[in-house]
Amino acid sequence: MEGATDSGDDGDHQRQVSDDDDEETEIEETAYDFHDFNIHQAVIKDNVRNEAYRAAILHHQDNYIKDKVVVDVGSGTGILSIFCAQAGAKRVYAVEDTEIALQAQKVMEANNLSERVIVLHGYVEDVGINEKVDVIVSDWMDQLLLYNYENMLGSVLTARDRLLKPGGLIMPSNATLYIAPVTLPDRYSSKIDFWRNVYGIDMSAMVPWAIQDAYEDPCVEKIKSENLLALPQVVKRVDCYTINIQEIESFKSRFEFQCLTRATFHGFAFWFDVEFSGPVTSPADSNAPPLQSSSNHLTTSGQKRKRDDPIEAIVLSTAPDKPPTHWEQMVVYLNNPIDVEQGHRIEGSVTLTPNQEEDGPNVHIRLEYKSGHRSFVREAVMR
Ligand SMILES: C[S@@+](CC[C@H](N)C(=O)[O-])C[C@H]1O[C@@H](n2cnc3c(N)ncnc32)[C@H](O)[C@@H]1O
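In every chain, residue numbers begin from 1 and rise along the written sequence. pLDDT decides what is reported in this predicted model: residues at 70 or higher carry local features, side-chain atom pairs at 80 or more are listed and counted, and totals for whole chains, interfaces and linings draw on all residues regardless.

### Focus on the sheet that holds strand β18 (residues 360-371)
Right, on to step 1. Think of it this way: DSSP has to see at least two bridges between two strands before they count as a pair. Here a helix means four or more residues in a row that DSSP labels H or I, a strand means two or more in a row labelled E, and each is numbered from the N terminus. Strand order in the open sheet formed by 4 strands is β11-β17-β18-β19, with antiparallel pairing between adjacent strands. Looking at which strands have only one partner, the edges of the open sheet turn out to be β11 (251-258) and β19 (374-382). Ignoring which end each strand starts from, the neighbouring axes of this sheet average 20° apart.
Right, on to step 2. As paired strands, strand β17 (residues 345-357) and β18 are joined by 12 bridges and run antiparallel to one another. Note that in β18 the partner of E347 across the bridge is K370. Note on geometry: axes are lines fitted to C-alpha atoms, helical ones only across the stretch in contact, with angles between N-to-C directions running from 0 to 180 degrees.

### What about the pairing of β17?
Successive residues of a regular strand alternate their side chains across the two faces of the sheet.
Right, on to step 1. Direction of pairing for β11 relative to β17: antiparallel, over a ladder of 8 bridges. Counted as the bridge partner of F251 is L352 from β17.
Right, on to step 2. Linking β17 to β18, which pair antiparallel, is a turn of 2 residues.

### What to know about the site of the ligand
Right, on to step 1. Close to the ligand lie 21 residues, the nearest being G74, G76, D97, V124 and S155.
Right, on to step 2. Sorting the residues of the shell around the ligand by element identifies α1 (34-44), α4 (79-86), β4 (91-96) and α6 (152-163) as the ones contributing at least two each.
Right, on to step 3. Broken down by element, the residue count for the shell around the ligand peaks at 3 residues, all from α1.
Right, on to step 4. The residue classification treats Ala, Val, Leu, Ile, Met, Phe, Trp, Tyr, Cys and Pro as nonpolar and Asp, Glu, Lys and Arg as charged. All others, Gly included, are polar. A breakdown of the residues in the shell around the ligand according to their chemical character gives 10 nonpolar, 6 polar and 5 charged. The rule is simple: place the C-beta atom from the backbone, and if it lies within 6 Å of a molecule or strand, the residue is near it.

### Structural notes on the domain arrangement of the chain
Right, on to step 1. Those domain boundaries reflect an automatic or database domain assignment. Each domain of the chain was delimited in the assignment, giving domain 1 (1-139) and domain 2 (174-280 + 316-383).
Right, on to step 2. Opposite the 9 residues of domain 1 that make contact, domain 2 presents 6 residues.
Right, on to step 3. Secondary structure elements with two or more residues in the side of domain 1 that touches domain 2: α1 and α2 (47-59).
Right, on to step 4. Broken down by element, the side of domain 1 that touches domain 2 gets its largest block of residues, 5 residues, from α2.
Right, on to step 5. For the side of domain 1 that touches domain 2, the per-class residue count stands at 5 nonpolar, 2 polar and 2 charged. By definition, residues are in contact whenever their C-beta atoms, placed on the basis of the backbone, come within 7 Å of each other.

### Regarding unusual backbone geometry
Right, on to step 1. Here the amide bond leading from M171 into P172 is cis, since omega sits at -5°, within 30 degrees of zero.
Right, on to step 2. Position of P172 among the secondary structure elements: in the loop between β7 (164-171) and β8 (174-182).
Right, on to step 3. Of note in the backbone geometry, D67 takes a positive phi value of approximately 65° without being a glycine.
Right, on to step 4. A positive phi angle is found at Y199, which is not glycine, with a value near 50°.
Right, on to step 5. Residue burial is a threshold on neighbouring C-beta atoms within 10 Å of the residue's own C-beta, all placed from the backbone, with 20 or more meaning buried, 12 or fewer meaning exposed, and counts in between meaning partly exposed. The exposed category is assigned to Y199, around which 5 C-beta atoms lie within 10 Å.

### Brief notes about the UniProt feature "domain: Protein arginine N-methyltransferase" (unreviewed entry) in the chain
Right, on to step 1. The positions UniProt marks with the feature "domain: Protein arginine N-methyltransferase" (unreviewed entry) are residues 174-278 and 313-370.
Right, on to step 2. Structurally, residues 313-370 is divided into 0% helix and 69% strand, and its ends, taken at the C-alpha atoms, are 36 Å apart. UniProt positions are given in the numbering used here, feature names are shortened, and annotations may be inferred rather than shown by experiment.

### Observations concerning the sheet that holds β7
Right, on to step 1. Ordered in space as β5-β4-β3-β6-β7, the 5 strands form an open sheet in which the pairing is parallel. Each end of this open sheet is capped by a strand with a single partner; those strands are β5 (117-121) and β7. The sheet shows a mean angle of 20° between the axes of neighbouring strands, taken without regard to direction.
Right, on to step 2. Here strand β6 (residues 133-138) pairs with β7 via 4 bridges, running parallel. Opposite V135, over in β7, you have L169 as the bridge partner.
Right, on to step 3. Contacts from helix α5 (residues 100-110) reach β4 and β5, with the element oriented near 165° to β5.

Here it is as structure tokens:
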């Protein structure tokens, strides 16, 4: 599966130096996966993400990274691998399953890093890394945190179990998925509500279609803190040092919101944050205080495990009140918005179930909720 260091069959559109040093060969343009390109462009342009990873790598430089061996799971163009090399890593395995690995190899060469950053083209589950590593770094998160289309968290956990030395570092170390009810009057009215009154005709029957057409369902949206109807609640916490993949196969999480204001409830929003703490150095201490946030990031309440850097944890948050990231937030709109008063309770549960289907993987989202005396079920599929 390895092959990025072998530049013999580039399927891309760029110049390649042939074996004969004097001769340059123009490689013909071939089909290129622009879906992949757009993902890489989006992540590379996301300064909030990049800065959080870089800050975390520098934070752990002395204790974990300098002179150590790192594996970058899903290295893409290789930026996280390069941050680790710049922080003094002895060797970095940059593992990438798509052809972007070929570009990453050229990025390493252009930056004189190909000695220390070994680009491996293949799945981390398959490539041959014949040594244990001190650090795993990966950007595996999706809008619903756990289930991106490649199940990358599963790949990170496989790398952890096969390759990480005891006491090694995982970046990020923890992740939390949140949910909150939202009010989005302008967007809801211009895209959906107008069907309820078309020249005085009730066309509400079209609303479910409009929801799926106007937005992908669920949809990635930029929301602001003023759109939040209630304080967010945790859907799932993940400790990358300890979690098993079975624990996230499907799960149900209960919520109970108390509305902070009078408004119309249009849907549920999801977002996540990740934290970059060191491995556990002492047994879980149920009395340990929560880790405090660094500036600009959410406090991760309820963190109970004691880590080796107890005061400041670097947190990358995609919350609505934080600097925007390419993830934005994920919204599931309601078919029927509900007017709520301050103090109104919305309670229920969310169930997330990943599926493997013929047209690819997806995540089934089931929201069951009660508002006043009425109960509702809203289902959506994220592909
Ligand atoms: C969100 S991109 C992150 C790219 C890169 N880490 C960065 O920071 O720019 C995730 C990458 O992981 C790759 N990937 C996903 N699962 C993988 C696996 N099991 N083994 C190797 N690469 C994988 C994908 O092809 C994709 O390029």
